[in-house]
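What follows is the residue order along each chain.
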There are 2 protein chains.
Amino acid sequence: MASPLRLAAQGRQAARLFAMQQRASLRTVTSRASSVTPAASAPFSSSSASATTSATATATTTASLPTYTPFVFAGLAIAGSLVAYNMTADDPIKCDAPTLAERDEQTRRDSNGAVDELSPMRLRMEKFIKEQQQIIIKGLAEIENSGGVAAVGGPVEGRVGIDSLAPREFRQDEWQRKEGGGGITCVLQDGVVFEKAGVGVSVVYGKLPKAGILRMRANHRNLGGDGGAETLPESLEFFAAGLSLVVHPRNPMAPTVHLNYRYFETANPDGSPTGDASGAWWFGGGADLTPSYLFDEDAIHFHRTLKDVCDRHNKGYFPRFKRWCDEYFYNKHRLESRGVGGIFFDDLDEASGGTPASDGAPAKTTDRESLFAFIQDGLRAFLPSYTPIIARRKDLPFTDAEKEWQQIRRGRYVEFNLVHDRGTSFGLNTPGPRVESILMSLPLTAEWKYMYEPAPKSREQRLVDVLRNAREWV
Amino acid sequence: MASPLRLAAQGRQAARLFAMQQRASLRTVTSRASSVTPAASAPFSSSSASATTSATATATTTASLPTYTPFVFAGLAIAGSLVAYNMTADDPIKCDAPTLAERDEQTRRDSNGAVDELSPMRLRMEKFIKEQQQIIIKGLAEIENSGGVAAVGGPVEGRVGIDSLAPREFRQDEWQRKEGGGGITCVLQDGVVFEKAGVGVSVVYGKLPKAGILRMRANHRNLGGDGGAETLPESLEFFAAGLSLVVHPRNPMAPTVHLNYRYFETANPDGSPTGDASGAWWFGGGADLTPSYLFDEDAIHFHRTLKDVCDRHNKGYFPRFKRWCDEYFYNKHRLESRGVGGIFFDDLDEASGGTPASDGAPAKTTDRESLFAFIQDGLRAFLPSYTPIIARRKDLPFTDAEKEWQQIRRGRYVEFNLVHDRGTSFGLNTPGPRVESILMSLPLTAEWKYMYEPAPKSREQRLVDVLRNAREWV
């Protein structure tokens, strides 16, 4: 998609950025509403430093609820939180060997900006998620502009602009963090179909302190070299890139959807990029659905799409990642899941991405290329997984009471994201985050009604019952 | 206020409760709307085990942002979070010496239920906050029923019941936790004047594990005995009681207010109650104001009332507690305060509640009786601090845009409470909390609008400016 010329420009821009020692304040570099057409991707020939917001944390979830291990999740695709890795050094990385960012910049120069199968995974992931971001916002904008909203119940709260006939578009903000990194945040809010839809991309180069290395070694034993803890360096460069999206439709019959795919890599102790053999890279991601009113066929379609993607790569993935999703997106203080599930995974590398050993047989490992193919399939499946659902729900009639139930459920969504989602809360607790990008995951409106209880045997109660007992949909 | 007969009944009920080994599930014992009259206090002749929800954490705040020390704050008056202290033991406390709860029960029996100046502080605090809870909800209900809402802008979102002519009352729920403890939560929501007003009381007996003892000793060096750490017991009984309230008015010109006062005590290592000399008891509390539209005279009146209370007890309190409030109620990810301030303090005991030493002179200590008098004054000052403000704002005209700004500010309130308030998030992360009591602090409705920016020099911008530079109001 991107022309060599534009990619060459990217390299130059990256060089400028790093030369500037990333000292510029966090600011919105460009902030405009632009028509979402293929040409609109031009503004995203951005720097090598950009970072998504992630409403989603990535996490090492096990059968029991995991303990709070910020460095495990924060390293992945969390917007502002990556500053944590820079805590050990105010200045950008300076050592004899070129940094990962400098290497990538050089690669871009050498290849005239072209990124292909032989390019480092860092550049391939960045290119892929930026392309997908444009495809997704184009797909969502088409739905937004394709029809009205049901007359019964109608739009609540008299939002301004809702009756406008002008095409509603994603606002696209490119931003940088002074600590290094940045991102492109695309948001459409107050639409006819979408109350709020946010799609963010991040690409971050940073430095992981020793405490983070030690924690991450729990899941990646070669991280920082395969010697003992005493051989670890004081810090390691890392790279993280990801795409996150959250879509909150207006119609209470249409479900909220969330997705995040991310890639993480650490440099070798000598500063050289990670080879495939070191294990110090991994993928994470997933997608999950959160209805206010449950239509079984929607949940089935969503899970079927994800299962098909998983099965094409590894028959073991879907059951494992569905369970992980149910465990992770759990509002434990409410004793209910945030939604009806989907898939969630993290730390997927050669060993964990392969097929587990059974009966003493050696485990089958996988390779980075295969996992990247899986990630790509997963991200490409977003529109097919969601658009048929929103198409059949966006114009259904609804009552004020049904809208209110949606608002109560939105409150639960806020609770999960602000209380339990480790990426969000860690990000917000870290200096210098781009708050608006992290919190684009929150609904436009939410409600907390004391002791609100659905009527017995109502549709509302049925949803709660399902959320309290995670169900297999396919 | 309470008759000897009723207090005797309390003792019996407490005995029953503990005999039941506090194994009953968390449930609402009574749940009804009742007219708020003096007679309505009768239903609160409740058990010795009840616990407020606390939207407010209590915390050891210093000039720098404090680290996460759950046991320092959670022990005080936090609803469900107190279960943490019971983590070391599934069974209720069993030792040769009677427990604090058993001692208090015995005291009630011996005194025929009367509580006076010679009673243990635990019983005095419980009695006082339950009385104040009734006085406060009566005062708020009077305001709720005293007038309508401005026609301009009017009530938003067509809430049901808002036009009802029936008196609007606080719903009063008494509840218990299976882990021990419980509370009385009073909420009025969807009113004409108050969008949501919650006033909760808690009284909890529990067990503090060694890790908690060690953390709390940072502020209370005699806790668990005055020997070294090696002399500490594996756990210590504790008692905590508090009153918390949050009031969110409907009119955007009227500010939200929050208040919390609490008392904490640990038993001596031999199981006997804390003597005045041990230092293992303390008070915490404060009140703060959160306007969407800033009227200086409101902030001044509120602070003046609090300063008068403080000054009657110690001239050093107000400046110290105002600063502590500004530091604690700070949405650090937004770089702004939650509101315009008030007072906040914690760990107030003989040493810290006295007058600090200067120029090498010995510090003046205080006593528990004096601090209880201060707490009482503070809580009694609530209605005088707030009712003149709500009276002059509740019927002001407002526009839809002003209502929306209020909703945005409500979103910030939610962010603080769910992300930064250590009591709330710790409570929600702890098994078995009464979530509805903890989250009564949240507004009925809130909004998150991506990149919402007030117009330059607008009233909205002026508020933000003040929130970014905490101001002295008196």
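Preceding this paragraph is the structure being described.
The structure presented is a predicted model; accordingly, all values stated were derived computationally and were not measured.

Caption draft 1: Structural context of the overall build of chain A. Within chain A, the secondary structure is distributed over 13 helices and 11 strands. Taken across its 474 residues, chain A has 63% of its residues classed as buried. Considering only contacts in chain A between residues 6 or more positions apart, those separated by 24 or more positions represent 77%. In the structure as shown, chain A presents an accessible area of about 16,600 Å², 54% of it carried by carbon and sulfur atoms.

Caption draft 2: Here's a closer look at the side chain of A:Gln407. Mapped onto the secondary structure, A:Gln407 falls in helix H10 (residues 400-420). For A:Gln407, the side chain forms a polar contact with the main-chain nitrogen of A:Ala446, separated by 3.4 Å.

Caption draft 3: The relation of the copies chain A and chain B, seen in detail. Turning chain A through 180° and shifting it by 0.0 Å along the axis lays it on chain B, with an RMSD of 0.0 Å. The superposition of one copy onto the other is thereby described by a two-fold rotation axis. Both copies contact each other with a shared surface, as 97% of the interface residues of chain A are interface residues in chain B too.

Caption draft 4: Helix H4 (residues 121-144) of chain B, seen in detail. With 24 residues, H4(B) extends 34 Å between its outermost C-alpha atoms, agreeing within 8% with the 34 Å of an ideal straight helix rising 1.5 Å per residue. Along H4(B), 20 of the 24 residues are buried, which leaves the element largely enclosed by surrounding structure.

Caption draft 5: Looking closely at the packing of aromatic side chains. With the rule as written, the count across this model stands at 46 aromatic pairs over all chains. Their ring planes at 20° and their centres at 5.9 Å tell us that A:Phe382 and A:Tyr386 sit as a pair that is stacked. Here A:Phe382 and its partner A:Tyr386 are both found in helix H9 (residues 382-393), four residues apart, which amounts to about one turn of the helix. Here A:Tyr386 falls in the buried class, since its relative accessible area comes to 0%. When the ring of B:Trp324 is compared with that of B:Phe344, the centres are 6.0 Å apart and the planes differ by 70°; the resulting orientation is edge-to-face. Of this pair, B:Trp324 sits in helix H7 (residues 317-328) while B:Phe344 sits in strand E10 (residues 341-348), and the two are 20 residues apart along the sequence. By relative accessible area, which is 11% here, B:Trp324 ends up buried. For B:Phe344, a relative accessible area of 1% puts it in the buried group. Put simply, the rings of A:Tyr261, A:Tyr317, A:Phe321, A:Trp324, A:Tyr328, A:Phe329, A:Phe344, A:Phe345, A:Phe374 and A:Phe416 pair up and form one aromatic cluster.

Caption draft 6: Structural context of the pairing of E10(B). Residues and elements named next belong to chain B. Counting buried positions over the eight residues of E10 gives eight, a clear majority of the element. Where strand E7 (residues 281-290) meets E10, six bridges bridge the pair, whose relative direction is antiparallel. Among the inter-strand pairings, Asp-288 is bridged to a residue of E10, identified as Gly-342.

Caption draft 7: Looking closely at the environment of B:Ala141. All names here are of chain B. With respect to the helices, strands and loops of the structure, Ala-141 is situated in helix H4. For the pair Ala-141 and Glu-415, spaced 274 residues apart in sequence, the C-alpha to C-alpha distance is 28 Å. Residues within four places of Ala-141 in sequence aside, it is in contact with Arg-168 and Phe-170.

Caption draft 8: Inspection of the interface of chain A and chain B at higher detail. The partner chain B presents 36 residues to the 37 residues of chain A that form the contact. In total, about 3,400 Å² of surface goes out of reach between chain A and chain B, with carbon and sulfur atoms giving 55% of it. When the buried surface of chain A facing chain B is broken down by residue, A:Glu436, A:Trp448 and A:Tyr450 rank first, second and third, together holding 25% of it. Remark: the boundary between chain A and chain B carries four salt bridges. In this assembly, chain A and chain B are joined by 17 residue pairs in polar contact (both at pLDDT 80 or more). Listing elements by their share of the side of chain A that touches chain B, those giving two or more residues are strand E2 (171-176), strand E3 (182-189), H10, helix H12 (435-438) and strand E11 (445-447) of chain A. It is H10(A) that provides the largest number of residues to the side of chain A that touches chain B, a total of seven residues. Looking at the side of chain A that touches chain B residue by residue, the class counts come to 15 nonpolar, seven polar and 15 charged. Sheet topology places E11(A) next to strand E11 (residues 445-447) of chain B; three bridges connect them, and they run antiparallel. When the bridges of E11(B) are listed, A:Glu447 appears paired with B:Thr445.

What counts, and where the lines are drawn
- Residues numbered from 1 in each chain as written.
- Chains lettered and ligands numbered in written order.
- Predicted model: local features only at pLDDT ≥ 70, side-chain atom pairs only at ≥ 80, totals over all residues.
- Heavy atoms only, no water.
- Helix = DSSP H or I, 4+ residues; strand = E, 2+ residues; numbered from the N terminus.
- Buried < 20%, exposed > 50% of the residue type's maximum accessible area, 1.4 Å probe, protein only.
- Contact = heavy atoms within 4.5 Å.
- Areas by Shrake-Rupley, 256 points an atom, 1.4 Å probe, with all protein chains shown as cover.
- Polar contact = N/O pair within 3.5 Å; in protein donor to acceptor, adjacent residues only side chain to side chain.
- Least-squares fit on C-alpha atoms with pLDDT ≥ 70 in both.
- Expected span 1.5 Å × (residues − 1).
- Phe/Tyr/Trp six-rings, centres within 6.5 Å; stacked < 30°, edge-to-face > 60°.
- Pairing = 2+ DSSP bridges.
- Buried area = accessible area lost by both parts, 1.4 Å probe.
- Salt bridge = Lys/Arg side-chain N within 4 Å of Asp/Glu carboxyl O.
- Nonpolar A, V, L, I, M, F, W, Y, C, P; charged D, E, K, R; others polar.

Geometric descriptors of this kind do not, in isolation, establish any biological role.
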